[in-house]
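Close look at the chain arrangement
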Amino acid sequence: MGVTWTGLDGPVPIEAYVPMMLFALLFGLSMDYEVFLLTAVRESWVRTGDNARSVRDGLAGTGVVITSAALIMVCVFAGFVLSSAPVVKMIGLGLAVAIAVDATVIRGLLVPATMALLGRLNWWTPARRPGRGTPRPRTSGSGASTR
């Protein structure tokens, strides 16, 4: 039944490189969502110091952007199913489904829930090694950092 929905005559074997290609593409695409979400959460945490509020504010602030971008990509990749090449159909369907799952289940549910449960552990960073100072930020107008 699923074969006729995609316009194929019968079962088609999955090429060996397709899963690896899907993984590489999806990893890169999903990192955009992660950067949007975690940047907003971090900015709110720096302002408030309240983890639960930061997660809520970050998700509320980026939800529309992440959902809109995911919807656009799902539509574009679903269009690949109209191709006559079975490999293009596989890649398009795989990307469309994976982007939809990533934007809704992972970025919209699992990441915020995990961050809310972890609390202050989200913001833990390892101690610096002895002898290595913290890099100084460049000040505007100085041209170069001074040590």
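Above this note sits the structure.
Below or above, wherever it landed, is the structure these notes cover.

Conventions and cut-offs
- Residues numbered from 1 in each chain as written.
- Predicted model: local features only at pLDDT ≥ 70, side-chain atom pairs only at ≥ 80, totals over all residues.
- Heavy atoms only, no water.
- Helix = DSSP H or I, 4+ residues; strand = E, 2+ residues; numbered from the N terminus.
- Buried < 20%, exposed > 50% of the residue type's maximum accessible area, 1.4 Å probe, protein only.
- Contact = heavy atoms within 4.5 Å.
- Salt bridge = Lys/Arg side-chain N within 4 Å of Asp/Glu carboxyl O.
- Patch = residues over 30% accessible without salt bridge, like charges linked within 9 Å, V, L, I, M, F, W, Y side chains within 5 Å.
- Areas by Shrake-Rupley, 256 points an atom, 1.4 Å probe, with all protein chains shown as cover.
- Bend = angle between axes of the 7 residues up to and from the residue.
- Axes fitted to C-alpha atoms, helices over the stretch in contact; angles between N-to-C directions.
- Parallel < 35°, antiparallel > 145°, perpendicular 65-115°, else oblique.
- Nonpolar A, V, L, I, M, F, W, Y, C, P; charged D, E, K, R; others polar.
- Core = buried A, V, L, I, M, F, W, Y, C linked by side-chain atoms within 4.5 Å.
- Left-handed = near helix turned anticlockwise from the far one by under 90°.
- Expected span 1.5 Å × (residues − 1).

As a further point, take the overall build of the protein. Of the regular secondary structure elements, the protein holds 4 helices and 0 strands. Counting from the amino terminus, helix and strand elements in the protein follow one another as α-α-α-α. The 147 residues of the protein split such that 27% are buried. Once local pairs closer than 6 in sequence are excluded, the contacts in the protein between residues at least 24 apart make up 63%.

Under the defined criterion, the tally for this structure stands at 3 salt bridges. Ionic contacts of the salt-bridge type, sharing partners, join the residues Glu34, Asp102 and Arg107 into one network.

Here we come to a nonpolar patch on the surface. A cluster of nonpolar side chains, namely Leu93, Val97, Val101, Val105, Leu109 and Leu110, defines an oily patch on the protein surface of about 490 Å² accessible area. Assignment of secondary structure puts Leu110 in helix 4 (residues 86–118).

Looking now at helix 4. Along its length, helix 4 shows its largest kink, about 40°, at Ile106. Downstream of helix 4 by a residue or two, Gly119 has a phi angle that is positive, lying close to 60°.

Moving on to the packing of helix 3 (residues 51–79) against helix 4. Packed helices, taken two at a time, are described by their axes: the angle between them and the distance between them. At a closest axis distance of 9 Å, the pairing of helix 3 and helix 4 adopts a crossing angle of 175°. If you check the angle between helix 3 and helix 4, you find them roughly antiparallel. Residues Asn51, Val55, Leu59, Ile66, Ala70, Met73, Val74, Phe77 and Ala78 of helix 3 form the contact with helix 4, whose participating residues are Gly92, Leu93, Leu95, Ala96, Ile99, Ala100, Ala103, Arg107, Gly108, Pro112, Met115 and Ala116. Of the residues contributing to the contact of helix 3 with helix 4, the split by class is 17 nonpolar, 3 polar and 1 charged.

Moving on to the nonpolar core. Among the nonpolar cores identified, the biggest contains 22 residues, and Tyr33 and Ile99 are the most heavily contacted of them. Those elements that place two or more of their residues in this core are helix 2 (17–48), helix 3 and helix 4. In this structure Tyr33 touches Ile66, Ala69, Ala70, Met73, Ile99, Asp102, Ala103 and Arg107, once residues within four positions along its chain are discounted.

Here we come to the packing of helix 2 against helix 4. Contact pair helix 2 / helix 4: the axes reach a minimum separation of 9 Å and the direction vectors enclose 30°. The element helix 2 and its partner helix 4 pack so that their crossing is right-handed. For the contact of helix 2 with helix 4, the class distribution of residues is 21 nonpolar, 2 polar and 3 charged.

Turning our attention to helix 2. For helix 2, with 32 residues, the first-to-last C-alpha span of 46 Å sits near the 46 Å given by 1.5 Å per residue. Among the residues of helix 2, those classed as buried are Val18, Leu22, Leu26, Ser30, Tyr33, Glu34, Leu37, Ala40, Val41, Ser44 and Trp45. The elements touched by buried residues of helix 2 are helix 3 and helix 4. Gly49 sits one or two residues past helix 2 and shows a positive phi near 75°.

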